[in-house]
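Here is what each chain is made of, one letter per residue.
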Amino acid sequence: GDAEKWVLMVTARTPTNIAVIKYWGKRDETLILPINDSISVTLDPNHLCTTTTVSVSPSFDQDRMWLNGKEISLQGGRFQSCLREIRARAQDVEDKKKGIKINKEDWQKLNLHIASYNNFPTAAGLASSAAGLACLVFSLAKLMNLKEDNSQLSAIARQGSGSACRSLYGGFVKWCMGKEENGSDSLAVQLADEKHWDDLVIIIAVVSARQKETSSTSGMRDTVVTSALIDHRAKEVVPKRIVEMEDAIQKKDFPSFARLACTDSNQFHAVCLDTYPPIFYMNDTSHRIISCVEKWNRAEGTPQVAYTFDAGPNAVMIARDRKTAASLLQRLLYNFPPQSDVDLDSYVIGDKSIL
Ligand code: 2P0
């Protein structure tokens, strides 16, 4: 009847995040608990982001999800964990205008339709899962009127994809690895908001839009099992860098920030190389970009640009200010001329986009 015809929906948008102290390795694969803390910067929501609309209606006969217009399965354990955790915390919802009243128990039997879009190529390996899972959890939490704060929601998003927990906040974010076996204290906290250090400009050079060969999930599993260096990184190196990075962010100390971000990216890739069989995420173009930035930073006597690479060859560069970013773009265009078949494209992120 008419009572069955209503649909209630919520739309949210979540940017992706880029780690400057990397997460690599789990101590619990199901709960997604990491072996070290990590720190990231969340991008501007106008650029690389996911937009998700979640809807509920008594006429929906099962939970369904579409990604970029194509239906995908919700059967995976990670989606199911997120849906279960959110439904368990659902509250009463009332929309007086539409005459809808949902009691919290009703959420257990009501079905959801979820439509999610990335405004950037999913295949380019630009941390699409981070924005996607964060947005899914956030929009469902709004729909079901959860009382949890963003930090508590981050612990749910974490169970969808580790790096997703850091996208619940803007600015600089720390994912605390936590101590508890049940993961309750493995969550994200905001270190500084997006206004704190807004001189920084992030430029992403898409070196290859091909899908990566080794998924992060299986890559980090292999690293934990086979690398002789990962323990040293997780226990000795990262804890010190986390303290130093938090300090550099508070003080807006760019030279320290750049040194920590670059060396941590390099160590992450060294640990990948130390995995057996070895994992190669960077390619020759990535290495040339590193050389180019290092040479420039050395010539200037103080770092102008930091670089960091994730589980793929694409370069994320962080310029100290807008003027430096303009100069960086010039250098990139000179060294990697776009008219050839070199696969280099650039995105400029930040309030003050240059392109
Ligand atoms: C990071 N990466 O801190 C690191 C640096 C890639 C390199 O988090 O298995 O997609 O879903 O927890 O979060 C990519 O791994 O892996 C990642 P799961 P995730 O951003």
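In every chain, residue numbers begin from 1 and rise along the written sequence. This being a predicted model, a pLDDT of at least 70 is required before a residue's local features are given, and a value of 80 or more before pairs of side-chain atoms are given or counted; all residues contribute to the totals for chains, interfaces and linings.

Labelled according to an unreviewed UniProt entry, the protein appears under the name Diphosphomevalonate decarboxylase, originating from Taraxacum kok-saghyz. UniProt positions are given in the numbering used here, feature names are shortened, and annotations may be inferred rather than shown by experiment. We quote the UniProt Catalytic activity (unreviewed entry) comment for the protein here in full: "(R)-5-diphosphomevalonate + ATP = isopentenyl diphosphate + ADP + phosphate + CO2". Taken directly from UniProt, the Subcellular location (unreviewed entry) text for the protein runs: "Peroxisome".

Draft legend 1. Quick peek at unusual backbone geometry. Of note, the bond from Tyr276 into Pro277 is cis; its omega dihedral lies within 30 degrees of zero at -5°. Along the polypeptide, Pro277 turns up in the loop between helix 6 (254-273) and helix 7 (284-300). The phi dihedral of Asn145 is positive, around 60°, even though this residue is not glycine. With C-beta atoms placed from the backbone, a residue counts as buried when 20 or more other C-beta atoms lie within 10 Å of its own, as exposed when 12 or fewer do, and as partly exposed for counts between those limits. By the C-beta count within 10 Å, which is 16 here, Asn145 ends up partly exposed. In this description a helix means any DSSP run of H or I spanning at least four residues, a strand means any run of E spanning at least two, and both kinds are numbered starting from the N terminus.

Draft legend 2. Structural detail: the packing of helix 5 (residues 230-251) against helix 6. For helices, the fitted axis covers only the stretch in contact; all axes are lines through C-alpha atoms, and the angles between them, taken along N-to-C directions, range from 0 to 180 degrees. Where helix 5 meets helix 6, the closest approach of the two axes is 10 Å, and the angle between their N-to-C directions is 160°. Between helix 5 and helix 6, the angle falls in the class roughly antiparallel. Crossing handedness for the pair helix 5 and helix 6: left-handed. On helix 6, the residues that touch Ile230, Arg233, Val237, Arg241, Glu244, Met245, Ala248 and Ile249 of helix 5 are Ser256, Phe257, Leu260, Asp264, Gln267 and Val271. Tallied by class, residues from the contact of helix 5 with helix 6 come to 8 nonpolar, 2 polar and 4 charged. An angle counts as roughly parallel when it lies under 35 degrees, as roughly antiparallel when it exceeds 145, as roughly perpendicular when it falls between 65 and 115, and as oblique in every other case. It is the rotation of the near helix from the far one that decides the hand of a crossing: anticlockwise by less than a right angle makes it left-handed, clockwise makes it right-handed. With C-beta atoms placed from the backbone, a contact is any residue pair whose C-beta atoms sit within 7 Å. Amino acids are sorted into nonpolar (Ala, Val, Leu, Ile, Met, Phe, Trp, Tyr, Cys and Pro), charged (Asp, Glu, Lys and Arg) and polar (every other residue, Gly among them).

Draft legend 3. The domain arrangement of the protein, seen in detail. Partitioning the protein into domains gives domain 1 (2-192) and domain 2 (201-349). A C-alpha centroid distance of 27 Å is found between domain 1 and domain 2. Opposite the 24 residues of domain 1 that make contact, domain 2 presents 32 residues. Domain delimitation in this document rests on an assignment produced automatically or drawn from a domain database.

Draft legend 4. Expanded view of the sheet that holds strand 1 (residues 8-15). Between any two strands, pairing holds if DSSP finds at least two bridges. The sheet built from 5 strands is open, its strands ordered 1-6-11-7-8 with mixed pairing. Edge positions in the sheet fall to strand 1 and strand 8 (70-72), since each of these pairs with one other strand and no more. Each neighbouring strand pair of the sheet contributes to a mean axis angle of 20°, computed without reference to strand direction. As defined by bridge partners, strand 7 (residues 64-67) adjoins strand 8 across 3 bridges and the pair is classed as antiparallel. Bridge assignment links Trp66 to a residue of strand 8, and that residue is Glu71. Along the sheet, helix 2 (residues 128-143) makes contact with strand 1, strand 6 (49-57) and strand 11 (111-118), crossing strand 1 at roughly 145°.

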